[in-house]
Structures are given as structure tokens and as C-alpha cells.
Amino acid sequence: MTPTPADGLDLAHTVVDTLDEKKGEDIVLLDLVGVCSFADYFVLVTGSSERMLKALADEIVERLKKAHKVHPGQPEGGAADGWILLDYGTVIVHIFSADHRRFYRLEELWRDGRTLVRMP
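If you're wondering where the values come from, they're calculated on a predicted model, not measured in any experiment. (Residues numbered from 1 in each chain as written. Predicted model: local features only at pLDDT ≥ 70, side-chain atom pairs only at ≥ 80, totals over all residues. Heavy atoms only, no water.)

Undergrad: Looking at this structure, I do not really get the packing of aromatic side chains. What am I missing?
TA: Working definition: an aromatic ring pair is given by the centre-to-centre distance plus the angle between the planes. Inspection of every chain in the model, using the stated rule, returns five aromatic pairs. A ring pair is formed by Phe-38 and Phe-42, whose centres lie 6.2 Å apart and whose planes are at 40 degrees; its orientation type is tilted. A relative accessible area of 47% means that Phe-38 is categorised as partly exposed. What makes Phe-42 buried here is its relative accessible area of 3%. A centroid spacing of 5.0 Å and a plane angle of 85 degrees characterise the contact between Phe-103 and Tyr-104, whose relative ring orientation is edge-to-face. Owing to a relative accessible area of 60%, Phe-103 belongs among the exposed residues under this scheme. Aromatic ring contacts, followed pair by pair, group Phe-38, Phe-42 and Trp-110 into a single cluster. (Phe/Tyr/Trp six-rings, centres within 6.5 Å; stacked < 30°, edge-to-face > 60°. Buried < 20%, exposed > 50% of the residue type's maximum accessible area, 1.4 Å probe, protein only.)

Undergrad: Looking at this structure, how should I read the environment of His-94?
TA: Structurally, the position occupied by His-94 is in strand 5 (residues 91-96). Using a relative accessible area of 9% as the deciding quantity, one classes His-94 as buried. A C-alpha to C-alpha distance of 9.2 Å links His-94 and Leu-106, two positions twelve residues apart in sequence. Sequence-distant contacts of His-94, that is, excluding residues within four places in its chain, are made with Phe-42, Val-43, Leu-44, Val-45, Ile-84, Leu-85 and Leu-106. (Helix = DSSP H or I, 4+ residues; strand = E, 2+ residues; numbered from the N terminus. Contact = heavy atoms within 4.5 Å.)

Undergrad: What's the story with the pattern of salt bridges in this structure? I'm lost.
TA: Opposite charge on two side chains permits them to pair, given that their charged atoms come into close proximity. Taken as a whole and assessed by the stated rule, the structure comprises ten salt bridges. Taking the shortest distance from any N to any O, the salt bridge between Glu-21 and Arg-63 comes out at 2.8 Å. Of the two residues, Glu-21 is situated in helix 1 (residues 5-21) and Arg-63 in helix 2 (residues 50-68); the sequence distance between them amounts to 42 residues. For Arg-63, a relative accessible area of 23% puts it in the partly exposed group. (Salt bridge = Lys/Arg side-chain N within 4 Å of Asp/Glu carboxyl O.)

Geometric values such as these leave the question of function open.
Set out below in C-alpha cells:
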């Protein structure tokens, strides 16, 4: 069964809650329904160190496996690279170091999307 945007929104909120609990920084949930052809939601977060980036990614994978019975595609990037991408189909999670977040400026690139959540 193909996930609906509503399923994706529930998944995205689980990601946001998980990142908040694990002390992720500058968490943003973007609604890209009708704006992006390959995903409905982006979740962006900044981690303060390589160790934090890995911990955030690992916790998301575990939490979504338990709560939603879903697994990401092959993760891209890595903590040592300063960014990790987890692709859940309708939801794509971008975990960045501060420098990489400033460099890629995804909020600016996808400004036609609607910001649903912004947490410092």
C-alpha cells in the first residue's frame, strides 16, 4: 500500500518528536505536498557534533521501525561527512552539521513549501 500524505505527516511528526527528545537543534518540518514530486515532507535538523548526527539518525531509524514498522532506503552521507539523509518515501529527513545546513540552505531552496514546525 502506498503511504498517503496523512500517513507521511504522522511519520514526520514522530521524527520531529524524536529529534526534540534527543536534543536536535533548529528542527524544521516542511510540507511539500504539491511542491515536490518525490516527497511530501522534509524534516531538517542540526546536530552539534559527528557523534550527535549519528545518534539522531540511529534514534530515528529505531523509533520509526518500532512505532511505524518502516525502514529507510539506504542512508546517504554520514556523520563524518557532516550530513545524513534518511529517505522514508513520503518523508525525507536531513540531518546536518551547522556548516552543512548553512551551505545547502534547503529551507530557502524549498521556500514554496509550508513550514509546519520550527523548533529552535
